[in-house]
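Working through the structure, step by step
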Amino acid sequence: MDMQSDLPYRPCVGIVLVNHDNLVWIGRRPDIPDEEGRGEWWQMPQGGIDKGEEPRACALRELREETGVRSVEFMAEAPDWYYYDLPAHLVGNSWGGRYRGQKQRWFAFRFLGADSEIDLDRPGHKPEFDRWRWARLDEVTRLVVPFKRGVYEQVVGAFRPLLS
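The following refers to the structure shown. (Residues numbered from 1 in each chain as written. Predicted model: local features only at pLDDT ≥ 70, side-chain atom pairs only at ≥ 80, totals over all residues. Heavy atoms only, no water.)

Digging into unusual backbone geometry
- With phi around 60°, Asn22 is a residue other than glycine that occupies positive phi space.
- If you trace the backbone, Asn22 turns up in the loop between strand 1 (9-18) and strand 2 (24-28). (Helix = DSSP H or I, 4+ residues; strand = E, 2+ residues; numbered from the N terminus.)

Below is the structure:
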């Protein structure tokens, strides 16, 4: 067995933030070639679950930390955990080399506030994104870094009925 397959998956949440036009929030990751490869990658908010933290509470915390958004109502939770493996060259570098990838629980929330509520530069939290925009749900799979595309396809499938 290789070293990667011996490592666990990092527990994580992902958030589909939906506005009144049924568009979803995406943020652009700063270009970090050592981490995700050259390109312009966009993704929805996500983050690690702290020990003892409930996934839905974590989703609200991560949403607030990464976007400043607080004005939401719960819409749905994906039915399963979704998994992705890091590319081999990232396994020893990301998250202190402790994980092979992530297992993610995804939640959809309706955004009830104004766009002015969105603030990427939160005090005490390194910005995850340098730009943001609203996008159609079917756009997100082609905009995310390639190793996360399988998860994003599952997320789109799980939440598409909510946005129809």
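Remarks on the side chain of Gln43
- Following the sequence through the fold, Gln43 ends up in strand 3 (residues 42-43).
- In terms of polar contacts, Gln43 uses its side chain to reach the side chain of Lys148, at 2.8 Å.
- Every residue in contact with Gln43, bar those within four places of it in the chain, is listed here: Trp25, Ile26, Gly27, Arg29, Phe129, Val144, Lys148 and Tyr152. (Polar contact = N/O pair within 3.5 Å; in protein donor to acceptor, adjacent residues only side chain to side chain. Contact = heavy atoms within 4.5 Å.)

Remarks on the pattern of salt bridges
- Taken as a whole and assessed by the stated rule, the structure comprises 12 salt bridges.
- For Arg29, the salt bridge identified is with Glu128, shortest N-O distance 3.2 Å. Of this pair, Arg29 sits in the loop between strand 2 and helix 2 (33-36) while Glu128 is found in the loop between strand 7 (101-111) and strand 8 (131-135), placing the two residues 99 residues apart along the sequence.
- Given a relative accessible area of 24%, Glu128 falls into the partly exposed group.
- In this structure, Arg136 engages Glu139 in a salt bridge whose closest nitrogen and oxygen atoms are separated by 3.7 Å.
- On the accessibility criterion, Arg136 (45% relative accessible area) is partly exposed.
- The structure contains a network of salt bridges with shared partners spanning Asp50, Glu53, Arg61, Glu62 and Glu65. (Salt bridge = Lys/Arg side-chain N within 4 Å of Asp/Glu carboxyl O. Buried < 20%, exposed > 50% of the residue type's maximum accessible area, 1.4 Å probe, protein only.)

Re helix 6 (residues 149-159)
- Along helix 6, the residues that are buried comprise Val151, Tyr152, Val155, Val156 and Phe159. End-on, the buried residues of helix 6 take up no more than an arc of 140°, which puts them together on one face. (Arc of directions from axis to C-beta.)

Some details on the side chain of Arg110
- Along the chain, Arg110 falls in strand 7.
- Of the side chains with opposite charge, Glu73 lies nearest to the buried Arg110, which makes no salt bridge, at 5.1 Å.
- At 2.6 Å, the side chain of Arg110 forms a polar contact with the backbone oxygen of Asn19.
- Apart from the residues lying within four places of it in its own chain, the contact partners of Arg110 are Leu17, Val18, Asn19, His20, Asn22, Ser71, Val72, Glu73 and Met75. (Lys, Arg positive; Asp, Glu negative; His and termini not counted.)

Things to note about the nonpolar core
- Counting residues in each nonpolar core, the largest one holds 30 residues, and the members touching the most others are Val16, Met44, Trp106, Val140, Val155 and Phe159.
- Residue assignment for this core shows that the elements contributing at least two residues are strand 1, strand 2, strand 6 (82-85), helix 4 (88-91), strand 7, helix 5 (140-143) and helix 6.
- For this core, the element with the most residues is helix 6, which contributes 5 residues.
- Beyond its immediate chain neighbours, meaning those up to four positions away, Val155 contacts Val16, Met44, Tyr82 and Trp106.
- In terms of nonpolar packing, the next biggest core, distinct from the first, is built from 17 residues, Ile15, Trp25, Ile49 and Phe109 among them. (Core = buried A, V, L, I, M, F, W, Y, C linked by side-chain atoms within 4.5 Å.)

Considering the environment of Pro45
- Looking at where Pro45 falls in the secondary structure, it is placed in the loop between strand 3 and strand 4 (46-48).
- Pro45 gets classed as buried once you look at its relative accessible area, which sits at 0%.
- Sequence separation between Pro45 and Glu62 is 17 residues; the distance between their C-alpha atoms is 7.1 Å.

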